[in-house]
Amino acid sequence: MLKIKQSLVLLFFIGISNIGFSQCAMCKAVVETGDISMAEGVNNGITYLMVFPYLLIGVLFFTLYRYRKRIKN
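This is a predicted model, so every value here is computed, not measured.

The rules behind each value
Residues numbered from 1 in each chain as written. Predicted model: local features only at pLDDT ≥ 70, side-chain atom pairs only at ≥ 80, totals over all residues. Heavy atoms only, no water. Helix = DSSP H or I, 4+ residues; strand = E, 2+ residues; numbered from the N terminus. Buried < 20%, exposed > 50% of the residue type's maximum accessible area, 1.4 Å probe, protein only. Areas by Shrake-Rupley, 256 points an atom, 1.4 Å probe, with all protein chains shown as cover. Patch = residues over 30% accessible without salt bridge, like charges linked within 9 Å, V, L, I, M, F, W, Y side chains within 5 Å. Salt bridge = Lys/Arg side-chain N within 4 Å of Asp/Glu carboxyl O.

1. Describing the overall build of the protein
Summing up its helical and strand segments, the protein has two helices and zero strands in all. Relative to its full complement of 73 residues, the protein shows a buried share of 1%. Approximately 7000 Å² of the protein is accessible, and the part contributed by carbon and sulfur atoms is 73%.

2. So, a nonpolar patch on the surface
Among the surface-exposed residues, Ile4, Leu8, Leu10, Leu11 and Ile14 lie close enough to one another that they form a single nonpolar patch of about 510 Å² accessible area. Mapping leucine 11 onto the fold places it in helix H1 (residues 2-31). For leucine 11, a relative accessible area of 57% corresponds to the exposed category.

3. Re the environment of serine 7
For serine 7, the location among the structural elements is in helix H1. Among the residues examined, serine 7 registers a relative accessible area of 40% and is labelled partly exposed.

Below you can see the structure in the form of C-alpha cells.
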C-alpha cells in the first residue's frame, strides 16, 4: 500500500513540475519582446506575488512564538 501511495505522489509532483515550466516559458516570451517597461512590470508582479506568502508565514511564526512565550510564563 505504501509503494502505491509513494508512486502516486511522485507522479503528482512530476505532473506539477511540467505545468511550472510552461509558465516560465510564457513569461520569458513576453519579456523577450524588448519592451523595458513590460519587463519591469513582470518583475514587479512577481515580487508582489512572492511577498504575501512570506508575510503570512512570518505572522504565523510570530503568533506561535508569542503563544508559546505566554504559556511558559
